[in-house]
Amino acid sequence: MKKTISLCVMIVVMLSMFTFGVYATTSDNAGLRYLYTSSCYSALTINGSTATCDSEVKGYYGITTKIEIKQSFEKLLSNGWWQRLKSWDGTFYSHNAPMCNTTTVTSSGTYHVRTSAKVYSGSNYESISHYSNNVVH
C-alpha cells in the first residue's frame, strides 16, 4: 500500500513538471494577446454610392515603435472568395495608426473592410488582421 501511494505521488510530481500551453482563437482575434498590439478595429459604412472604410491599430506607448497598415475594401464573389477592389497603405511611427478612406460603390453586393498590419517594437514585429462586419448594398 505504501509503495502504491509513493508511486502515485511520484507520478503526480513528474507530471506537474510538464507545462501545457493552451491557445484559443476566434474569428475576430478577441481571445488573442499580442506583445506590441493593444487593439485592431475595422468598420465599413455605405451611404448611397460612397463607402467609408475606417481602420485603427493601437499599440502600447513606449513599446510599439512603428505600425505598417494596409486597409482593403473587398466584395464577396459568388464562389465565396473576397475580391479586393481598393486598398490603401500607411506607415505610422507611433503606437497608434488610424486610417479613414472613401471609395465609390459601383454595384450591389456584400462588402467588408480588411485591416492588416505589422506592429513593430524596434526590429521585431507581429502581424495582425481584422475584418469589419459585412455590409449588403
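Residues numbered from 1 in each chain as written. Predicted model: local features only at pLDDT ≥ 70, side-chain atom pairs only at ≥ 80, totals over all residues. Heavy atoms only, no water.

**Some words on the sheet that holds strand β1 (residues 37–47)**
Here is step 1 of the chain: Ordered by their spatial adjacency, three strands build an open sheet running β1-β2-β5, and the pairing between neighbours is antiparallel. This sheet does not close on itself; its edge strands, each paired only once, are β1 and β5 (96–104). Adjacent strand axes in the sheet meet at a mean angle of 10° when their direction is disregarded.
Here is step 2 of the chain: Judged from the nine bridges that link them, strand β2 (residues 50–59) and β5 form a sheet pairing that is antiparallel. (Pairing = 2+ DSSP bridges. Helix = DSSP H or I, 4+ residues; strand = E, 2+ residues; numbered from the N terminus. Axes fitted to C-alpha atoms, helices over the stretch in contact; angles between N-to-C directions.)

**Side note on the pattern of salt bridges**
Here is step 1 of the chain: Applying the stated criterion across every chain yields a total of two salt bridges.
Here is step 2 of the chain: The salt bridge involving Glu68 is made with Lys66; its shortest N-O contact spans 3.2 Å.
Here is step 3 of the chain: Using a relative accessible area of 26% as the deciding quantity, one classes Glu68 as partly exposed.
Here is step 4 of the chain: The class for Lys66 is buried, based on a relative accessible area of 18%.
Here is step 5 of the chain: Here Arg114 and Glu74 are joined by a salt bridge, their closest N and O atoms 2.9 Å apart. A residue pair is termed long-range when its members are at least 10 positions apart, and Arg114 in strand β6 (residues 110–121) and Glu74 in strand β3 (residues 66–76) qualify at 40 residues. (Salt bridge = Lys/Arg side-chain N within 4 Å of Asp/Glu carboxyl O. Buried < 20%, exposed > 50% of the residue type's maximum accessible area, 1.4 Å probe, protein only.)

**Section: the packing of aromatic side chains**
Here is step 1 of the chain: Enumeration over the complete set of coordinates arrives at two aromatic pairs.
Here is step 2 of the chain: With a centroid separation of 5.1 Å and 0° between ring planes, the pair formed by Phe73 and Tyr111 is classed as stacked. You can see Phe73 sitting in strand β3 and its partner Tyr111 sitting in strand β6, a full 38 residues away along the chain. One exposure class covers both Phe73 and Tyr111, and it is buried. (Phe/Tyr/Trp six-rings, centres within 6.5 Å; stacked < 30°, edge-to-face > 60°.)

**Focus on the confidence of the model for the protein**
Where the model shows low pLDDT, its predicted coordinates should not be examined in detail.
Here is step 1 of the chain: Looking at the protein, pLDDT values average 85 and 77% of them are 70 or higher.
Here is step 2 of the chain: Here helix α1 (residues 2–16) is the element of the protein with the lowest mean pLDDT, 54, and β3 is the one with the highest, 98.
Here is step 3 of the chain: Scored below 50 in pLDDT, residues 15–29 shows nine contacts in the model against residues more than four places distant or in partner chains. (pLDDT = per-residue confidence, 0-100. Contact = heavy atoms within 4.5 Å.)

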